[in-house]
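# Working through the structure, step by step
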Amino acid sequence: MIGKNTYGMYERRKEALGESDQTKAITRQIKDVFRCIDFLVASESYGDATIGYMGSSYGARVGPIAAALDPRIEVAIYLNGGAPRSGTEEVIDTVHFAPRATQPALMLNGIDDFIFPSESSQKPLFRLLGANPEQKEHLLVGIGHSVDNEQMADEVDRFLSKHVGKTGYQPKSWRDKVDYIWTKTKALVGSKAGRAKAKELLPDMIATLKTHGSTADDARLLADAQYYQAVLSPDLDGEIALLREAVADAERALGNTDAATQRLRQYLASALTRHSLKALLAAESADSSEFQQSKQTLSEISELIPQFAWPELGKALAAFRERDRENATEHLKACESLPFTWGLEFVLRAHLAADQGRGQEAQDWLSVLGLERAKNYVEGGLPTPPDLVAQARDKVKNLETEQTVSKNEDEALRRLVEEYPSHYYLHWLSGLQAVRSEQMEAAHEAFAVAFEMCPGFRTTDWYAITSQWLGDQASLECCQNRLIELAKLKDGCWVWDGIHIARAYCRIEDSRSYPAEDAAVLQEYARLVAPWFTYGAPRMLGPWLEYRLGKKVKIKSYNNNGHPEQQAESMILDAITEYRFGDRSAAFSKLDNARRFIEDRIPSPDGEAFKYIGADHAWAVSRLFLREASALIELDSETFDARVTAAVGRLRSDLNGELGEENTRRILLQVGEALVKKYSSDEPSNQQ
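What this report covers is the structure whose coordinates are included nearby. All values reported here derive from a predicted model rather than from experimental measurement.

## A closer look at the overall build of the chain
Counting its secondary structure elements, the chain contains 32 helices and 4 strands. In the chain, buried positions account for 46% of the 688 residues. Partitioning the intrachain contacts of the chain with sequence separation of at least 6 by distance along the chain shows that 66% fall at a separation of at least 24. Of the roughly 34400 Å² that the chain leaves accessible, carbon and sulfur atoms contribute 50%.

## Some details on the packing of helix α12 (residues 289-304) against helix α13 (residues 310-321)
Contact pair α12 / α13: the axes reach a minimum separation of 9 Å and the direction vectors enclose 150 degrees. Put simply, α12 runs roughly antiparallel to α13. As α12 packs across α13, the resulting crossing turns out to be left-handed. Along the contact surface, α12 presents F291, K295, L298, I301 and S302, while α13 presents P311, G314, K315, A318 and R321. Broken down by class, the residue content of the contact of α12 with α13 amounts to 5 nonpolar, 2 polar and 3 charged.

## Quick look at the pairing of strand β2 (residues 75-79)
Side chains on a regular strand alternate between the two faces of the sheet. Of all the 5 residues making up β2, 5 are buried; the element is thus mostly covered by neighbouring parts of the structure. Where burial is concerned, the two faces of β2 agree: the one with V75, I77 and L79 and the one with A76 and Y78 are both buried. Looking at chain direction, strand β1 (residues 52-56) and β2 are connected through 5 bridges and run parallel. If you follow G55 over to β2, its bridge partner there is Y78. Considered for its hand, the β-α-β crossover made up of β1, helix α3 (residues 58-69) and β2 is right-handed.

## Details of the packing of aromatic side chains
Applying the stated criterion across every chain yields a total of 12 aromatic pairs. What links up through ring pairs into an aromatic cluster is the set Y424, Y425, W428, F447 and W462. If you follow K136 out to its NZ or CZ, it ends over the ring of F126, 5.0 Å from the centre. In this structure, R349 is placed above the aromatic ring of Y420, and the distance from its NZ or CZ to the ring centre is 5.3 Å.

## Digging into the sheet that holds strand β3 (residues 105-111)
Read from one edge of the open sheet, 4 strands run β1-β2-β3-β4, paired in parallel fashion. The sheet is open, and its two borders are formed by β1 and β4 (136-143), each paired with just one other strand. Across the sheet, the mean angle from the axis of one strand to that of its neighbour is 15 degrees, orientation sign disregarded. Contacts from α3 reach β1 and β2 within the one sheet, and its direction differs from that of β1 by about 150 degrees. Against the sheet, helix α6 (residues 149-164) engages β1, β2, β3 and β4, with an angle of about 170 degrees to β4.

## With respect to the nonpolar core
Here is a general trend for soluble globular proteins: nonpolar side chains tend to be buried in one another's company. Within the largest apolar cluster, 105 residues are counted, with the highest numbers of intra-cluster contacts made by M205 and L264. With 9 residues, helix α11 (residues 259-282) is the single largest residue contributor to this core. Leave out the neighbours within four places in its chain, and L264 touches A223, Y227, L243, A246, V247 and A250. Ranked by size, the runner-up nonpolar core spans 24 residues in total, among them I37, Y53, A60 and A66.

## A few points about the pattern of salt bridges
Inspection of every chain in the model, using the stated rule, returns 32 salt bridges. Two residues, E336 and R349, come together in a salt bridge whose shortest N-O distance is 3.8 Å. Placement of E336 in the loop between α14 (325-333) and α15 (343-355) and of R349 in helix α15 is noted, with a sequence separation of 13 residues between them. There is no split in this pair, since E336 and R349 are both buried. Salt bridges sharing partners connect three or more residues here, namely E137, E155, R158 and K162.

Calculation criteria
- Residues numbered from 1 in each chain as written.
- Predicted model: local features only at pLDDT ≥ 70, side-chain atom pairs only at ≥ 80, totals over all residues.
- Heavy atoms only, no water.
- Helix = DSSP H or I, 4+ residues; strand = E, 2+ residues; numbered from the N terminus.
- Buried < 20%, exposed > 50% of the residue type's maximum accessible area, 1.4 Å probe, protein only.
- Contact = heavy atoms within 4.5 Å.
- Areas by Shrake-Rupley, 256 points an atom, 1.4 Å probe, with all protein chains shown as cover.
- Axes fitted to C-alpha atoms, helices over the stretch in contact; angles between N-to-C directions.
- Parallel < 35°, antiparallel > 145°, perpendicular 65-115°, else oblique.
- Left-handed = near helix turned anticlockwise from the far one by under 90°.
- Nonpolar A, V, L, I, M, F, W, Y, C, P; charged D, E, K, R; others polar.
- Pairing = 2+ DSSP bridges.
- Right-handed = clockwise from strand over helix to strand, strands pointing away.
- Phe/Tyr/Trp six-rings, centres within 6.5 Å; stacked < 30°, edge-to-face > 60°.
- Lys NZ or Arg CZ within 6 Å of the ring centre and 35° of its normal.
- Core = buried A, V, L, I, M, F, W, Y, C linked by side-chain atoms within 4.5 Å.
- Salt bridge = Lys/Arg side-chain N within 4 Å of Asp/Glu carboxyl O.

Read these as layout, nothing more, since geometry by itself doesn't imply function.
Pasting the structure below:
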């Protein structure tokens, strides 16, 4: 397969800038297709292979031209294509070439395509294609200007099997087979239906690697495939069994210290912890065999990864159910440094405090558990049994007859932070609460403490936001260095961590240039997150990368899909890009659009009128980013007033003409430009 990079695409877009001759442009693009075929035919791997053409959107619109002119193309797949609209020059109009494109053709389109409508574009092109009626098909397998990838893959395989004489993909070697399955698996895991298909593909890949793989890279790829297979297992027991097998294979092939082995061990430890906690909660009594087996498993996890703190929560639960309050308290101390927590920890602490007669502290833990901001985090990992929470509340009620208990959530969080100063997550929640109250200085202090305890992605992300909000350059520099360190730990990062890195990089951006290796890291994450975060990351990273790398590329228009935070960041980055490439009018217009979008979609940090998770983060980031972009593009009113006043003052003081004609003209241009920008959105009289 050859992915053609024709005239006007990607980095070759600069070649086409200013090209107004559509005939010349399409002619060059078709010639590029011919050159690709020349290269393919000349390669040793060609043999007697069948050459096919697949194009999407514009590639499907001009595809029939190439198919009509080059008989070496024996089959054609047109995705999201159709006949061009009126106004196309006849010499390069697809409708004149389509009847001469006689090879078998498959057209796949989406319903209600707004670029190539069905009645006026898709069907006319299909009728004009010169293939025999039994050799051409037109199917709708998507919505709008897109096709469903899974249906598309199935239909293309079926069509090629029918007309090319092969059943699906025929790899030439075991390595080709592994690469094909792995590529397809990663494309499928994004949907429920796709995961079912990926689950069917992986055993063949794993068996092939076990039979033929001989290098360390093969062993690492096997580890990744086995992990995918494990997480696609329908039950936790199956996941654990597959992860045990994967860890054993990795230890034999790579040793205990390899990053792939360590990663699999961590996955296994996490699965075992979840299994043990559920068993401990479900066991009828502390004397049951299930309960004792779960305790044994927790000890096994500690041996598997000595620094893994999650088993401590399970040991605390076991000790609590065995009425060993002292040991339960000791194990909970080890949970204070965890980067995130479960509501189970808060409930256990409430029970222990109530059992010792500390009614206010017990109520404080229950109050923090009920914080709206906390619910998104502490209840996501493991459901807390309602009866365990109800029992803790009953204990507090019994104590209320003897002591006064306050239920104010903010005061509860403050008291717990004072009582447990080394509890990371309490500081994290304090920071979130402060942001929600628009108290950015208090938030900065809380996130600074959390950053010292656990400088992971989320903490560094928030610490950077509050640092830049308050102009704390020293802390911002610290965050920047930490993010670069985290970005280079690629083997230990999740896909989502790549997004955190890229977003924080955008916000920390200043006039300096990062080293080339750091830019390469970000490009790698841009490729990594693109298929996972369709509406956010690509549109944000696209403008960011072109701004950073100095390459102007085509930016897709924005719509109302996706999370508003990513949309706002993307719009602002697009404005910054226009500014960097000298189009200040476009920069001003796009920044103004971003400002209106933020005011309409992210009005406050408390989540009202905001249906997405993370309203506090979206509110803080969008306004911070807007402020920084406004300063960069010099659209801030005070900045302009100061520049105009200073420039006019210099001209007034130059009564003798000492500045000279060139300097005077330059200052006048600065004044005029500033005034036009300042008043361009006001009444016509002001513009004039």
